[in-house]
Amino acid sequence: MRYNVSQLLKSSIGTTRHYKLHEDINDLDPAVSPLSTLDGELTMIRTAESILVSSDLHTTAELSCSRCLDLFATPLRLSLEEEFKPTVDIITGTKIPLTEDDEPATRIDAHHVLDLTEIARQNLVLALPMYPVCRSKCKGLCPYCGQNWNEAPCDCSLEEIDPRLAVLKQLLED
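Every value quoted in this text rests on a predicted model; they were computed, and no experiment measured them.

A.B. asks: With reference to specific residues and values, describe the side chain of Ser6.
C.D. replies: Here Ser6 is to be found in helix 1 (residues 6-10). When its relative accessible area of 15% is taken as the criterion, Ser6 is described as buried. Excluding anything up to four places from it in sequence, Ser6 contacts Ile90 and His112.

A.B. asks: Please set out the packing of aromatic side chains residue by residue, giving values where relevant.
C.D. replies: Given two aromatic rings, their pairing is described by the distance between the two centres and the angle made by the two planes. One pass over the full model with this rule turns up 1 aromatic pair. Ring centres of Tyr3 and Tyr19 lie 5.0 Å apart, and the angle between their planes is 45 degrees; this geometry places the pair in the tilted category. Note that Tyr3 is positioned in strand 1 (residues 2-4) and Tyr19 in strand 2 (residues 16-23), a separation of 16 residues in sequence. Judged by relative accessible area, which is 11%, Tyr3 ranks as buried.

A.B. asks: Give a description of unusual backbone geometry that names residues and reports values.
C.D. replies: The phi torsion at Leu69 lies on the positive side, around 70 degrees, for a residue other than glycine. With respect to the helices and strands, Leu69 occurs in the loop between strand 5 (51-64) and strand 6 (71-86). Overall, the relative accessible area of 55% leaves Leu69 in the exposed class.

A.B. asks: Which residues make up helix 2 (residues 117-127), and what values do they have?
C.D. replies: Among the residues of helix 2, Ile119, Ala120 and Leu124 are the ones counted as buried. Looking straight down helix 2, one finds that the buried residues subtend no more than 135 degrees of arc, so they occupy a single side. Buried positions along helix 2 lie against strand 4 (38-46), strand 5 and strand 6.

A.B. asks: I'd like a rundown of the nonpolar core, residues and numbers included.
C.D. replies: Core analysis: the biggest nonpolar cluster contains 33 residues, and Val5, Met44, Ile51 and Leu114 have the highest contact counts within it. With sequence-adjacent residues up to four places away left out, Met44 is seen in contact with Tyr3, Val5, Leu8, Thr15, Thr16, Arg17, Tyr19, Ile51, Leu52, Val53 and Leu114.

A.B. asks: Describe in detail the state of the cysteines, supporting the description with residues and values.
C.D. replies: A complete count under the given rule lists 0 disulfides for this structure. No disulfide involves Cys68; its sulfur sits 3.7 Å from the nearest other cysteine sulfur, which is in Cys138. Here Cys142 is not disulfide-linked; the sulfur of Cys154 is the nearest cysteine sulfur, at 3.6 Å.

A.B. asks: An account of the pattern of salt bridges is needed here, citing residue identities and associated values.
C.D. replies: Enumeration over the complete set of coordinates arrives at 6 salt bridges. Between Arg121 and Asp29 there is a salt bridge, with the nearest N and O atoms lying 2.6 Å from each other. Separated by 92 residues along the polypeptide, Arg121 in helix 2 and Asp29 in the loop between strand 2 and strand 3 (33-34) bring together distant segments of the chain. Judged by relative accessible area, which is 11%, Asp29 ranks as buried. The network of salt bridges with common partners includes Arg2, Asp109 and Asp115.

A.B. asks: An account of the pairing of strand 4 is requested, with residue identities and associated values reported.
C.D. replies: Buried residues dominate strand 4, accounting for 7 of its 9 residues. In the sheet, strand 2 pairs with strand 4 via 8 bridges, with the strands oriented antiparallel. Of the residues in strand 4, the one forming a bridge with Arg17 is Met44. Across 8 bridges, strand 4 lies against strand 5 in antiparallel orientation. Considered in strand 5, the bridge of Gly40 is made with Leu57. The hairpin turn running from strand 4 into strand 5, its antiparallel successor, is 4 residues long.

A.B. asks: Describe the pairing of strand 5, and please don't skip the residues or the numbers.
C.D. replies: What you see with strand 5 is a clean split: Ile51, Val53, Ser55, Leu57, Thr59, Ala61 and Leu63 sit on the buried side and Leu52, Ser54, Asp56, His58, Thr60, Glu62 and Ser64 on the side with no burial. Sheet topology note: the strand 3/strand 5 ladder contains 2 bridges and is antiparallel. Looking across to strand 5, one finds that Pro34 is bridged to Ala61. Of the strand pairs in this sheet, strand 5 and strand 6 are connected by 14 bridges, and their pairing is antiparallel. Residue Glu62 lies in a different strand from strand 6, and its bridge partner there is Ala73. Connecting the antiparallel pair strand 5 and strand 6 is a turn made up of 6 residues, with Leu69 showing a positive phi of about 70 degrees.

Criteria and cut-off values
Residues numbered from 1 in each chain as written. Predicted model: local features only at pLDDT ≥ 70, side-chain atom pairs only at ≥ 80, totals over all residues. Heavy atoms only, no water. Helix = DSSP H or I, 4+ residues; strand = E, 2+ residues; numbered from the N terminus. Buried < 20%, exposed > 50% of the residue type's maximum accessible area, 1.4 Å probe, protein only. Contact = heavy atoms within 4.5 Å. Phe/Tyr/Trp six-rings, centres within 6.5 Å; stacked < 30°, edge-to-face > 60°. Arc of directions from axis to C-beta. Core = buried A, V, L, I, M, F, W, Y, C linked by side-chain atoms within 4.5 Å. Disulfide = S-S within 2.5 Å. Salt bridge = Lys/Arg side-chain N within 4 Å of Asp/Glu carboxyl O. Pairing = 2+ DSSP bridges.

So, in structure tokens, the structure goes:
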């Protein structure tokens, strides 16, 4: 996901470039198991001091259900909007100093290459659901035997008694 933006940096403010993205992201992050490529469109706009990248990207990832632990596929959408600043002035070739607010992932390198890899990775991880669920009516696992209740019921007794009320149960048994 690397783009040479030297011509765009030489262009006037407001110049726009459009790119189609179709990237293999299998090695992007160990926390993500993609089932398809990252696809979408990128728009790069030359601003006074930088390049504004905006995009609408999509992919499909394999996740583990937080209730039943089964693996399932889910679509993910990423909306990126990030400003990338050059490290070298395109006209003079002088180095542009970093400020405190500049994140290294949003810098255009000395060869005028804009790398979207880290920003895409961060946004992909943020797009993952906090508690992924395979389906809305997932029944989960039995807390005693581990049986997947979506597949079959178990024979466990689910009668839990609050320990503070256990004494009252003994009165009923007598």
